[in-house]
Amino acid sequence: MSTDTAPLLSVRDVTVERGGKTILDHVSFDVRAGEWLGVIGPNGSGKTTLLRVVSGAMDACGSVDLKGRTIDTWGARERAQTLAFVQQSTGTAFDFTVRDLVLLGRAPHRGWLSSFSASDRAAVDRALAEVDLEGFADRSIQSMSGGEVQRAFLAQALAQDADLLLLDEPTTHLDVHYQFRLLDAVRAQVNQGKTVLAVVHDLESAARYADRLLVLSEGKRVATGEPASVLTPECIREVFGMEATVRQDNPLRIDYSTPRSRG
Ligand SMILES: Nc1ncnc2c1ncn2[C@@H]1O[C@H](COP(=O)(O)OP(=O)(O)OP(=O)(O)O)[C@@H](O)[C@H]1O
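Residues numbered from 1 in each chain as written. Predicted model: local features only at pLDDT ≥ 70, side-chain atom pairs only at ≥ 80, totals over all residues. Heavy atoms only, no water.

- Looking at an unreviewed UniProt entry, one finds the protein chain named ABC transporter and attributed to Longibacter salinarum.
- Quoted verbatim from the Function (unreviewed entry) heading of the UniProt record, the comment on the protein chain is "Part of the ABC transporter complex HmuTUV involved in hemin import. Responsible for energy coupling to the transport system." (UniProt positions renumbered as here; feature names shortened; annotations may be inferred.)

Here's what the structure looks like:
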């Protein structure tokens, strides 16, 4: 992890209200350059909303600063050079090939009138290899399975080569092999200096891959810290309504027992 003191991303007092409901309630945190901050929390706790606010796609009260500048002042193109967002439901109405879909990730890096360069195409090939989709490059995205599409969108984000990767449940559709494979690929990006803010539902995976975890509950930040200090039986009981035994092995293991009422 980088020892830079200035955070790459600084979120202060972010509050979102919709339909008379407070979805995010004065959420503040920093993400340092070169770290993976995992976002965990129950369904409806505001995780996706938080990523959307950080991406600049949703207005909120409070502030989001990327590299020391408020996200509102970033132009779309420079923002896309710096931040890549893989959303939870990915899909396209267009009949792109997988290669073309991934090539779109290079668009922020080329001049308005110039065509894609050899280095753009090399970046696409590398990204396809990272997600094990080389053999699918010429396939129509609409002919692909849910997990293959999810890998293609992750490849697009990798090809985008942005400093900050925002990932909203990047492994929901993936089998166990690709869950590890993809999270390993993202971890490799972090080890090379990229920064990740990712929602991951599986708590053991979150603990295994993230440097720190941010816990959201009912729109509030209830904990932030290293996985072993955050994922205590008390936290899992209070936030997720599950009795659990936590083994602080490497990787951390959680044995769940009875679901408790969250009411
Ligand atoms: N436009 C809206 N109007 C009213 N409520 C909304 C709106 N958008 C989101 N919400 C509510 O805000 C809450 C947080 O939604 P969000 O998608 O951020 O949760 P999440 O933690 O990502 O959930 P999940 O784990 O199920 O994906 C939910 O209860 C959702 O129903």
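Moving on from the model shown.
Some thoughts on the packing of helix α4 (residues 118-130) against helix α5 (residues 146-160)
And step 1. Interhelical geometry of α4 versus α5 gives an angle of 140 degrees and a closest axis separation of 8 Å. The orientation of α4 relative to α5 falls into the category oblique. The crossing of α4 and α5 is right-handed. Note on element contacts: α5 touches α4 through A155, L158 and A159, opposite A123, A127, L128 and E130. (Axes fitted to C-alpha atoms, helices over the stretch in contact; angles between N-to-C directions. Helix = DSSP H or I, 4+ residues; strand = E, 2+ residues; numbered from the N terminus. Parallel < 35°, antiparallel > 145°, perpendicular 65-115°, else oblique. Left-handed = near helix turned anticlockwise from the far one by under 90°. Contact = heavy atoms within 4.5 Å.)

A short note on the site of the ligand
And step 1. The environment of the ligand is formed by 14 residues, the closest being K21, G44, K47, T48 and T49.
And step 2. Measuring from an oxygen atom of the ligand, one finds a side-chain N or O atom of N43 at 3.0 Å.
And step 3. K47 has a polar side-chain atom sitting 2.7 Å from an oxygen atom of the ligand.
And step 4. Of all elements in the fold, only β2 (21-32) and α1 (47-55) reach the threshold of two or more residues within the shell around the ligand.
And step 5. No other element matches α1, which puts 3 residues into the shell around the ligand.
And step 6. Residue composition of the shell around the ligand, by class: 2 nonpolar, 8 polar and 4 charged. (Near = heavy atom within 4 Å. Polar contact = N/O pair within 3.5 Å; in protein donor to acceptor, adjacent residues only side chain to side chain. Nonpolar A, V, L, I, M, F, W, Y, C, P; charged D, E, K, R; others polar.)

Quick notes on the sheet that holds strand β8 (residues 195-199)
And step 1. Within the open sheet, the 6 strands sit side by side as β6-β7-β8-β3-β9-β10. Their pairing is mixed. Here the strands that pair on one side only, and so sit at the sheet edges, are β6 (83-86) and β10 (220-225). Each adjacent strand pair in this sheet contributes to an overall mean axis angle of 15 degrees, direction not counted.
And step 2. In terms of strand pairing, strand β7 (residues 164-168) meets β8 through 5 bridges, oriented parallel. Paired with L164 across the bridge in β8 is T195. (Pairing = 2+ DSSP bridges.)

So, the sheet that holds strand β5 (residues 69-70)
And step 1. Strand order in the open sheet made by the 4 strands is β2-β1-β4-β5, with antiparallel pairing throughout. The sheet terminates laterally at β2 and β5, the two strands that pair on one side only.
And step 2. The strands touched by α1 within the sheet are β1 (7-18), β2 and β4 (61-66), with β2 carrying the most contacts at an inclination of about 60 degrees.

A few points about the pairing of strand β12 (residues 253-259)
And step 1. Across 5 bridges, strand β11 (residues 242-247) lies against β12 in antiparallel orientation. Residue T245 lies in a different strand from β12, and its bridge partner there is D255.
And step 2. Connecting the antiparallel pair β11 and β12 is a turn made up of 5 residues.

Considering the confidence of the model for the protein chain
And step 1. Of the residues in the protein chain, 94% have a pLDDT of 70 or more, and the chain-wide mean is 92.
And step 2. Interface predicted TM-score (ipTM) for the complex: 0.97; the corresponding pTM is 0.93. (pLDDT = per-residue confidence, 0-100.)

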